[in-house]
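Chains, contacts and geometry: an overview
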Amino acid sequence: MTATTPVRPDATRVDAPRERRRRPRRDGELQVDPRTAWATLGVLTLAAVYFLIPVWWLLVSVTKSNATLFSTNGFAFGDIDLAANVTDVLTRQDGLFGRWLLNSIMYAGVGGVLATLLGVSCGYALAKYQFRGRGILFGGIIAGVLIPSALLTVPLYLVFAKLGLVNTVWAVLIPAVVNPFAVYLGRIYAAASMPDELMEAGRLDGAGELRIYWTIALRLMSPALVTVLLFSFVSIWNNFFLPLIMLSDQDLYPVTLGIYNWYTQTREANYNVVITGSLLSVIPLVVAFLSLQRFWRSGLTAGAVKS
Amino acid sequence: MTTTAVRPRVAPQVVRGATRRGTRRVRGAILTLIAPFVLLFLFVYVTPIVYSVVQSFFSLQTSSLGFGEPSTVFVGLDNYTKAIESGAFWSALGRIFAFGFVQVPVMLGIALGLALLLDSAAARWVSLYRILYFLPYAIPGVIAAVLWAYLYSPTLSPFVALGDSLGADVDFLGPRVVLWSMANITTWAFTGYNMLIMLSALQAIPREQFEAARIDGASEWRIARVIKTPQIRPALVLTGINSIIGTIQLFNEPQVMRVISDAVNSEYVPTMLAMGAAFVKNDFGYAAAVSVLLALVAGVLSVLYYTLAMRRSQ
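Residues numbered from 1 in each chain as written. Chains lettered and ligands numbered in written order. Predicted model: local features only at pLDDT ≥ 70, side-chain atom pairs only at ≥ 80, totals over all residues.

Across its full length, chain A holds 14 helices and zero strands. In sequence order, the secondary structure elements of chain A are arranged as α-α-α-α-α-α-α-α-α-α-α-α-α-α. Within chain A, counting contacts between residues at least 6 apart in sequence, those at least 24 apart form 71% of the total. (Helix = DSSP H or I, 4+ residues; strand = E, 2+ residues; numbered from the N terminus. Contact = placed C-beta atoms within 7 Å.)

Along chain B, the regular secondary structure elements total 14 helices and two strands. Pairs at least 24 apart in sequence give 71% of the contacts found in chain B among residues at least 6 apart.

A word on the interface of chain A and chain B. In this assembly, 94 residues from chain A lie in contact with 91 residues from chain B. With 14 residues, helix H1 (residues 34-61) of chain A is the single largest residue contributor to the side of chain A that touches chain B.

A few words on the confidence of the model for chain B. Low pLDDT means the predicted atomic positions in that stretch should not be read closely. Residues and elements named next belong to chain B. For chain B, the average pLDDT comes to 86, and 89% of its residues sit at 70 or higher. Within chain B, helix H4 (residues 87-119) carries the highest mean pLDDT (95), whereas helix H1 (residues 2-6) carries the lowest (39). The model gives residues 1-21 a pLDDT under 50, and that stretch makes 29 contacts with residues more than four places away or in other chains. Note on the complex model: pTM 0.85, ipTM 0.84. (pLDDT = per-residue confidence, 0-100.)

What follows is about the UniProt feature "transmembrane region" (unreviewed entry) in chain B. The positions that UniProt labels "transmembrane region" (unreviewed entry) are, in the present scheme, residues 30-54, 96-119, 131-151, 185-205, 232-251 and 284-308 of chain B. Spanning residues 284-308 of chain B, this segment combines 100% helix with 0% strand, and its end C-alpha atoms are found 36 Å apart. (UniProt positions renumbered as here; feature names shortened; annotations may be inferred.)

Moving on: the environment of B:Leu40. One can find B:Leu40 in helix H2 (residues 24-55). For the pair B:Leu40 and B:Leu238, spaced 198 residues apart in sequence, the C-alpha to C-alpha distance is 26 Å. Excluding residues within four positions of it along the chain, B:Leu40 makes contact with A:Leu118, A:Val177 and A:Val178.

The next thing to look at is the UniProt feature "domain: ABC transmembrane type-1" (unreviewed entry) in chain B. The residues that UniProt annotates with the feature "domain: ABC transmembrane type-1" (unreviewed entry) are residues 93-305 of chain B. Overall, residues 93-305 of chain B shows 75% helix and 0% strand. The separation of its end C-alpha atoms is 18 Å.

Below, the discussion takes up the packing of helix H12 (residues 255-266) of chain A against helix H13 (residues 271-291) of chain A. For any two helices packed against each other, one specifies the crossing angle of their axes together with the interaxial distance. All names here are of chain A. Packing of H12 against H13 leaves a shortest axis separation of 9 Å and a crossing angle of 170°. With respect to their mutual orientation, H12 and H13 come out roughly antiparallel. Between H12 and H13, the residues in contact are Val 255, Ile 259, Trp 262, Tyr 263 and Thr 266 and Val 273, Val 274, Gly 277, Ser 278 and Ser 281, respectively. Per-class residue counts for the contact of H12 with H13 are six nonpolar, four polar and no charged. (Axes fitted to C-alpha atoms, helices over the stretch in contact; angles between N-to-C directions. Parallel < 35°, antiparallel > 145°, perpendicular 65-115°, else oblique. Nonpolar A, V, L, I, M, F, W, Y, C, P; charged D, E, K, R; others polar.)

Turning to the packing of helix H6 (residues 141-152) of chain B against helix H12 (residues 252-260) of chain B, a few remarks are in order. Residue and element names in this part refer to chain B. Contact geometry of H6 with H12 gives a least axis separation of 9 Å together with a crossing angle of 35°. Between H6 and H12 lies a crossing of right-handed hand. Across from Gly 141, Val 142, Ala 145, Val 146 and Ala 149 in H6, the residues of H12 making contact are Asn 252, Glu 253, Val 256, Met 257 and Ile 260. Along the lines of polarity and charge, the residues of the contact of H6 with H12 split into seven nonpolar, two polar and one charged. (Left-handed = near helix turned anticlockwise from the far one by under 90°.)

Another aspect to go through is the confidence of the model for chain A. All names here are of chain A. When pLDDT is averaged along chain A, the result is 84; 87% of the residues meet or exceed 70. Model confidence for chain A, summarised as mean pLDDT per element, is weakest for helix H14 (residues 293-306) at 66 and strongest for helix H6 (residues 169-177) at 96. Counted against residues more than four places away or in other chains, residues 1-29, with its pLDDT under 50, gives 39 contacts.

The next thing to look at is the nonpolar core. One recurring pattern in soluble globular proteins is that nonpolar side chains are buried together. By size, the foremost hydrophobic cluster in this structure holds 179 residues, and its most contacted members are A:Cys122, B:Ala115, B:Val146, B:Ala149, B:Met198, B:Ala287 and B:Val290. Three or more residues apiece are contributed to this core by two domains, here domain 1 (34-61) and domain 2 (96-306) of chain A. The residues contacting B:Val290, other than those within four sequence positions of it, are B:Ala83, B:Phe89, B:Pro270, B:Leu273, B:Ala274 and B:Ala277. (Core = buried A, V, L, I, M, F, W, Y, C linked by C-beta atoms within 7 Å. Buried ≥ 20, exposed ≤ 12 C-beta atoms within 10 Å, placed from the backbone. Domains from an automatic or database assignment.)

Now for helix H11 (residues 233-248) of chain B. All names here are of chain B. An ideal rise of 1.5 Å per residue puts 22 Å on 16 residues; H11 measures up with 22 Å between its terminal C-alpha atoms. Of all 16 residues in H11, twelve are buried; the element is thus mostly enclosed. Along H11, the positions that sit buried rather than exposed are Ala 235, Leu 236, Leu 238, Thr 239, Gly 240, Ile 241, Asn 242, Ser 243, Ile 244, Gly 246, Thr 247 and Ile 248. (Expected span 1.5 Å × (residues − 1).)

Before going further, it helps to examine the environment of B:Glu253. Mapped onto the elements of the fold, B:Glu253 is located in helix H12. Separated by 67 residues in the primary sequence, B:Glu253 and B:Thr186 place their C-alpha atoms 7.9 Å from one another.

Turning to the environment of B:Pro234, a few remarks are in order. Topologically, B:Pro234 is positioned in helix H11. With 33 residues separating them in the primary sequence, B:Pro234 and B:Ala201 have C-alpha atoms 8.4 Å apart.

Let's shift gears to unusual backbone geometry. Peptide bonds are mostly trans, and most non-glycine residues show a negative phi. Residues and elements named next belong to chain A. Phi angles above zero are rare outside glycine, and Gln 93 is one such case at about 45°. Mapped onto the elements of the fold, Gln 93 is located in helix H3 (residues 82-128). One non-glycine residue, Asp 94, adopts positive backbone phi at about 55°. Turning to its location among the elements, Asp 94 is positioned in helix H3.

Let us look at helix H13 (residues 270-279) of chain B. Burial runs high along H13(B): seven of the ten residues are buried. Looking only at H13(B), the buried set comprises B:Pro270, B:Thr271, B:Leu273, B:Ala274, B:Met275, B:Ala277 and B:Ala278. On its buried side, H13(B) packs onto helix H5 (150-163) of chain A together with H4 and helix H14 (284-311) of chain B.

This is the structure in structure tokens:
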């Protein structure tokens, strides 16, 4: 029995952000009809082509001058002007693009770290303690996950306007720090990775509750923290509606809003600038995605299986 | 068989430990842990909701002679009546409904199909395909919309050029088509993300079940339909509700397409309508009423979808 049924200790554990061990070539004994295999491969490849077409077009277009963009086939390389495009993007309006990138890194970095800390702390308390109002709190957070957040942005603008926060970094940072999904994930991970016995042991050794959280729980949950951080970071980086409403000073724009702004202003004269800027702004995220894949999957799994 | 028995339970919601010892110190610790989030949550989520609901009953009115400062007046349900009687509101709502009824099932259908294929015994290079499908999600929504806008724009689009060379008149921006051009952007951006959620759920199903079904002579297709799909219901519920909420607040795509298509006006979708009412017409009461109505629609649809999806299982 044991020889034919490989033990997969992790394959079914979906709540901890640990990399699922690579499944041994599953169904290895199963004979797959070669025609089925080819058909499967064909469909999968067709889908891949669909997802890659715009990416390929972007990679090609980024090398073209504005004139070449209009005179050549969009999917084939023409004269290579990549360096000129990049220089153009980086030097335009006194290097505003670099500033936008830094702003995005700041918003998403600072906001993401704080959102993770606040969210996971709250989720940990929800998972490990019983206290009055716990049900209401959790219900409120679920409602927060479910409400279309764009609907809150306009009223939030008016509240912020009264407080003089509009058109400051705080207008983007404060809402970014509040991420109900981080609480939700934090609660799942805390329940999964922090045993009650360990808390009890900590108490017996005289550690306070916060110390147990800070020195034991957070350390045990550190892979989960990366997952939550990644989700928070990306959702802030991708946000467009909030900064669009809140900010009027170009120096405060995140890169998404900056590119949108160029897009609306430049029209055909400067398509190459928008295209090159888009690619440059996407590179950091794509790298983060590809290198941190396992954390993504763990977060998506937690969301899907526990809902 | 042993693996099933040993498998750690997924949901041990043990919340004991400090229950009865309810000392003040524990209470203080709990408060320290939750207070920062809760306070900010109240500020950023609850305040605007309350503010919106209150404001939706008021209107900014100038005196009939046009003198003096405009004042805020209680108008009861007037803003709601105005929304319900307004053609623009229904057109905007109709567009996101049409969008949602077509785009969401298409996207989730493709995502489920791809997830099942990747999970099937016939698939190879699973991790490569998984990354490729997920890649568009790494591109911020507004930037994806800008790139697609260029791919649609008559002067630049390689597709239009291709159509021209074949003698076909390809137009992505006409009044009848532009909504579906936007649907394509959303589908492109989110199919992989939804696929990944479903695939993760599929891979959590114990494999023994499939082996048993195969021994009983079930085809792969039947296993996918009868065994796999029903078991990832939570993932289907999650992706469905996410998509409904996303559709309700559809904004990036129409906002970007408006620049290149005359068929997209400033009140094309409800979010744009509310934004225009608030910032262009300074009619915040109306904007608030529209937002409240939309939130209600989102809530009703989510509950409806949840009930439907869960009932199917019985």
